[in-house]
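# Structural overview
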Amino acid sequence: MRLKNTQHGGSRFSALSSPLATMLVAAALSALGATANAAPTEPSAQLAAHGSQRIDKAALEGASLAWERTGQAAALVGEDGTVMYAYGQSRPVISCSPLHLCVVQLQHGEKVTDLSIGDSVRWRVGSSMAGDLPVIVIKPVASGLETNLTVTTDHGRIYYLTLRSADDGYVPMVGFYDPQAIVEHVNAQATAREATAQARKERQEATLGDIDPAKLDFAYTCTGDAPFKPEQVFSANGHVYLKMPSNMVYRDAPAVFNTSQGEKQLINSRLVRGYDILDGLPMAFSLVAGVGSDAQAVECEHKGHTRHALLPLFSSGN
């Protein structure tokens, strides 16, 4: 037995044509994991009377991760009274009121393929799109009514709702979130972050190289009181390694100048895992930050260095 559709004022309405069709829909709900046989969830009007919160990405992710741990997905109540149900985890009861509209928001990116309501005489139901968000608009003609509504979408979802009407206590906005889809998205993001961090670690380790501890040369001394004064200096594998203070960040890294030959030459360097790595093996070098009266410097040299008279960095010779 198929579902019978009719048109009213440009909006599409549908009604179950027989009890057999109701049974077919219930079977489809069960196959998709929707709780068609479960007791209805607490009515939306009662939920809206509970404490509210800001329903944002963090709130939805928190509720979804709680569902992953406990198997229980909470209905969220927004500051504006909107009630958000977890898709496939309950059979929500939607509280509507005569002469008022109830709006049910589905999920972004899907489109409604069919609407089926048990009582199409005393309930008006239509669908529309708000951007990529499908919206179902519901209006009862009287109070004291109860019926059910099923909505199917092109994403393979079936929404099963119980509708009740009363003169007061209705909730104008109801929506859904999919905890399983959100958990999968969060886990995928975490996996991507871990992969990025691992790749960065491997690049850093490749930069540091395989250093033989027996060949480390610690015969360096540094003088100066600047906050970027290295905690340790050693050389290996054609590089000088400066262990920088743990509270120093990349933007505070000083420039490094080779002063071995009595003049200042800028040295290529890079920060890797707390070490400032200098290219080459300068016997003496300066770490400089700031200019003018704000300049700070640290002087480092190897014990085997032969001192030369240091020329100024900039000269105005004739």
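These notes cover the structure that comes with them.

Criteria and thresholds
- Residues numbered from 1 in each chain as written.
- Predicted model: local features only at pLDDT ≥ 70, side-chain atom pairs only at ≥ 80, totals over all residues.
- Heavy atoms only, no water.
- Helix = DSSP H or I, 4+ residues; strand = E, 2+ residues; numbered from the N terminus.
- Buried < 20%, exposed > 50% of the residue type's maximum accessible area, 1.4 Å probe, protein only.
- Contact = heavy atoms within 4.5 Å.
- Pairing = 2+ DSSP bridges.
- Disulfide = S-S within 2.5 Å.
- Phe/Tyr/Trp six-rings, centres within 6.5 Å; stacked < 30°, edge-to-face > 60°.
- Lys NZ or Arg CZ within 6 Å of the ring centre and 35° of its normal.
- Salt bridge = Lys/Arg side-chain N within 4 Å of Asp/Glu carboxyl O.

Helix and strand counts for the protein stand at 4 helices and 21 strands. Relative to its 318 residues, the protein shows a buried fraction of 39%. Within the protein, contacts between residues at least 6 apart in sequence are counted, and of these 63% link residues at least 24 apart.

In this section: the pairing of strand S14 (residues 232-236). Where burial is concerned, most of S14 is hidden: 4 out of the 5 residues are buried. In terms of strand pairing, S14 meets strand S15 (residues 239-243) through 5 bridges, oriented antiparallel. Considered in S15, the bridge of Ser235 is made with Val240. Once S14 ends, the chain turns through 2 residues before running back antiparallel as S15, passing Asn237 with a positive phi of about 55 degrees.

So, about unusual backbone geometry. The backbone phi angle of Leu99 is positive, close to 65 degrees, even though this residue is not glycine. Summarising the element assignment, Leu99 is placed in the loop between strand S5 (93-96) and strand S6 (102-105). A positive phi angle is found at Arg273, which is not glycine, with a value near 50 degrees. By the element assignment, Arg273 lies in the loop between strand S18 (269-272) and strand S19 (275-279).

What follows concerns the state of the cysteines. In total, this model carries 2 disulfides according to the counting rule given. Paired through a disulfide, Cys96 and Cys102 show a sulfur-sulfur distance of 2.4 Å. Its S-S torsion of about -140 degrees marks the bond between Cys96 and Cys102 as left-handed, since a negative value means left-handed. Of the two residues examined, Cys96 and Cys102, each falls in the buried class. Each sulfur of the disulfide joining Cys222 and Cys300 lies 2.1 Å from the other. Taking the torsion about the sulfur-sulfur bond, which here is approximately 110 degrees, the covalent link between Cys222 and Cys300 counts as right-handed. Of this pair, Cys222 sits in strand S13 (residues 220-223) while Cys300 sits in strand S21 (residues 296-302), and the two are 78 residues apart along the sequence. Residues Cys222 and Cys300 agree in their burial class; the two are buried.

If you walk through the whole model with that rule in mind, you get 7 aromatic pairs. With a centroid separation of 5.3 Å and an interplanar angle of 45 degrees, the aromatic rings of Phe218 and Phe234 are classed as tilted. Taken together, the residues span a long stretch of sequence, with Phe218 in the loop between helix H4 (179-208) and S13 and Phe234 in strand S14 at a distance of 16 residues. Judged by its relative accessible area of 42%, Phe218 falls in the partly exposed class. Three or more aromatic residues link up through ring pairs in this structure, and these residues are Tyr85, Tyr87, Tyr159 and Phe176. It is Arg157 that lies over the ring of Tyr87; its NZ or CZ is 5.7 Å from the centre.

Moving on, we get to the sheet that holds strand S20 (residues 284-289). Reading across from one edge, S13-S21-S20-S16-S17 is the order of the 5 strands in this open sheet, with antiparallel pairing throughout. Strands with a single pairing partner mark the edges of an open sheet, and in this sheet they are S13 and strand S17 (265-266). When strand S16 (residues 255-258) meets S20, the two strands line up antiparallel, connected through 4 bridges. Looking at the pairing, Val256 lines up with Leu287 of S20.

Our focus in this paragraph is the pattern of salt bridges. If you walk through the whole model with that rule in mind, you get 5 salt bridges. Here Arg122 ties to Asp119 by a salt bridge, and the two come within 2.8 Å at their closest N and O atoms. Here Asp279 makes a salt bridge to Arg270, at a shortest N to O gap of 2.9 Å. Judged by its relative accessible area of 31%, Asp279 falls in the partly exposed class.

Right, let's get into the environment of Glu61. Structurally, the position occupied by Glu61 is in helix H3 (residues 57-70). For the pair Glu61 and Pro179, spaced 118 residues apart in sequence, the C-alpha to C-alpha distance is 7.7 Å. In this structure, Glu61 is in contact with Ile182, Val186 and Gln189, ignoring residues within four places of it in sequence.

Turning our eyes to something else, we now look at the side chain of Asp178. Along the chain, Asp178 falls in the loop between strand S12 (173-177) and H4. Look at Asp178 and you get buried, because its relative accessible area is 13%. With sequence-adjacent residues up to four places away left out, Asp178 is seen in contact with Tyr87, Gln107 and Arg157.

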